[in-house]
Amino acid sequence: MSDSLPSVTTEREWAAFAAIDWADQKHFWRLVPAGSQHAEQGELDNTPEAVEIWAVALQQRFDGRPIALCLEQSRGALVYMLAKYAHLVLFPVHPTTAARYRETFCTSGAKDDPGDTASLLDLLVRHRERLRPLQPDTTETRLLQFLVEQRRQVVDEKTAQNNRLTDCLKLYFPQILQWFDDVSGPLVGAFLERWPSLQDLHRTRPGAMREFFHEHNCRGEARIDERITAIYQTIPATRDEAVLEAGVITARGLVAVLATLRDNIAKLDRRIAQLVAGHPETPLFDSLPGAGAALIPRLIVAFGTRRERYDSAYQMQCYSGIAPVKVASGRTETIRFRRACPKFLRQTFHEYALHSLKKSEWAKAYYQLQRDRHKSHQAAVRSLAYKWIRIVFRCWKDRKPYDEAIFLQSQRRRSATLGASVASVTDVGWKKVAGFNKFSAISS
């Protein structure tokens, strides 16, 4: 949610207002017809069949007219079950918002499912203008979102298993970490499958090792000779049979897990590439400096295709967690890091801003200016991401790819026209370097 008010839209003529407090086994629902003060309530099994009976009954009862339905989910099994019914308009509420609204009128902290549902329904009826109805993006965009988020989770899991394998090898076979750069790669996996311990390796002739490296595309003879020499010069880290046997079993298990994760990542990459190749927003985000194969699909998902979703770049800056939070009371005013936000979305903009430093001249100048002002690396990157969102948002709204040359010319023209007033806003400008104009941070 942004710090600004939601845009005012024409209110529908609702047939009824409802709320569901979802749970793993049963959902508790509450409903009040429009114009009535009498609330109905009941329980609903968490099965597609039960949800179907309940939704169809409401459709028949209210002749297919729209019903506003509030729930504490924007994604999840219940949302996907309910989203297929056209007469149900879902209003997702963040769990923190629901909890604080309930605590406003129940200071004792008492909590139960009927009470939670009543609180959600009250929030929907009284403050509907503060809520946004769920507006799913296109099927391709939502599929891309699921895949890029899943890829991130698998990559994180691969990192965790890699760390476990590293810790295991340090106990009984630490030399592997010196001979190979990437412990999680297929080369080390095949090596440990064939020689799980140094004792097994010492019983192997040099020719067999050389053949192994050739089979796994290691063609540097000098590097192969160096590894073989090091192998015969090493001594076991331990001769404790208990440590050795447990280490071998654990290492082989982790190698198999890493192989599965690598295959999964490769499949996700192929499907993501297929979706990006045919997505209508790809040309726009492909034009951004520093946006490669991994970040283009994440940026597509971040903005989506529904341009009515955001009225301003500031709404996206707040929703993504890039914009800071101002806390003021009396004479005290502080600026704080925004924590309540979709973490994966904030990470997307943060990582893109970091990658843009290598490809964008003005981005590098702006980042350096923030560092010169004694901001931390993370704060400087967030500040750069804040500016990037504003720029990309304009390109997205206008459906025009980003052009670095046009942007720099625009900044130069504005600086020449407005002078210091623009420099104070952009914090970057032009200076003479060896007789040429160079886009650079303006010294304060």
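Residues numbered from 1 in each chain as written. Predicted model: local features only at pLDDT ≥ 70, side-chain atom pairs only at ≥ 80, totals over all residues. Heavy atoms only, no water.

Caption draft 1: How the structure looks around the environment of Ile-231. As for its position among the elements, Ile-231 is in helix α10 (residues 221-233). Looking at Ile-231, the relative accessible area reads 1%, which means it is buried. Counting along the chain gives 218 residues from Ile-231 to Glu-13, while the straight-line C-alpha distance between them is 78 Å. Ile-231 has contacts with Trp-179, Phe-191, Leu-198, Leu-201, His-202 and Met-209, leaving out every residue within four places of it along the chain. (Helix = DSSP H or I, 4+ residues; strand = E, 2+ residues; numbered from the N terminus. Buried < 20%, exposed > 50% of the residue type's maximum accessible area, 1.4 Å probe, protein only. Contact = heavy atoms within 4.5 Å.)

Caption draft 2: Quick peek at the sheet that holds strand β3 (residues 40-45). Read from one edge to the other, the open sheet built from 5 strands follows the order β3-β2-β1-β4-β5, with strand pairing classed as mixed. Each edge of the open sheet carries a strand with a single partner, namely β3 and β5 (88-92). When the angles between neighbouring strand axes are averaged without regard to direction, this sheet yields 25°. As judged from the 5 bridges shared by strand β1 (residues 16-21) and strand β4 (residues 67-71), these two strands associate in the parallel manner. Looking at β4, one finds that Ile-20 is bridged to Leu-71. Helix α1 (residues 48-61) contacts β1, β2 (26-33), β3, β4 and β5 of the sheet and is inclined by roughly 145° relative to β3. (Pairing = 2+ DSSP bridges. Axes fitted to C-alpha atoms, helices over the stretch in contact; angles between N-to-C directions.)

Caption draft 3: Representation of the packing of aromatic side chains in the model. Going through the model one piece at a time under the given rule, you end up with 23 aromatic pairs. Summarising the aromatic geometry, the rings of Trp-14 and Phe-91 are spaced 5.9 Å apart at their centres and angled 70° between planes, so their arrangement reads as edge-to-face. Taken as a pair, Trp-14 in the segment before β1 and Phe-91 in strand β5 lie far apart in primary sequence, 77 residues in all. Since its relative accessible area comes to 10%, Trp-14 is described here as buried. Each ring, one from Trp-195 and one from Phe-212, has its centre 5.2 Å from the other, and the planes form 70°; the classification is edge-to-face. Here Trp-195, found in the loop between α7 (186-194) and α8 (198-202), pairs with Phe-212, found in helix α9 (residues 206-215); they are 17 residues apart in sequence, far enough to count as distant. We note that Trp-195, like Phe-212, is buried. One aromatic cluster is present, built from ring pairs that chain together Phe-180, Phe-191, Trp-195, Phe-212 and Phe-213. (Phe/Tyr/Trp six-rings, centres within 6.5 Å; stacked < 30°, edge-to-face > 60°.)

Caption draft 4: Local environment of the nonpolar core. Grouped together as the largest cluster of nonpolar side chains are 49 residues, with contacts concentrated most on Phe-285, Phe-303, Phe-349, Trp-362 and Trp-388. Ranked by residue count, the leading element in this core is helix α17 (residues 377-398), at 11 residues. Residues in contact with Phe-303, not counting those within four places in the same chain, are Phe-285, Met-316, Phe-349, Val-392, Phe-393 and Trp-396. One finds Phe-180, Ile-224, Val-248 and Ala-251 within the second-largest nonpolar core, a separate group that totals 29 residues. (Core = buried A, V, L, I, M, F, W, Y, C linked by side-chain atoms within 4.5 Å.)

Caption draft 5: View of the side chain of His-27. Here His-27 shows up in strand β2. For His-27, a relative accessible area of 2% gives the class buried. A polar side-chain atom of His-27 sits 3.1 Å from the main-chain amide nitrogen of Ala-23. In this structure, His-27 is in contact with Ile-20, Asp-21, Trp-22, Gly-42, Glu-43, Leu-44, Asp-45, Asn-46 and Leu-78, ignoring residues within four places of it in sequence. (Polar contact = N/O pair within 3.5 Å; in protein donor to acceptor, adjacent residues only side chain to side chain.)

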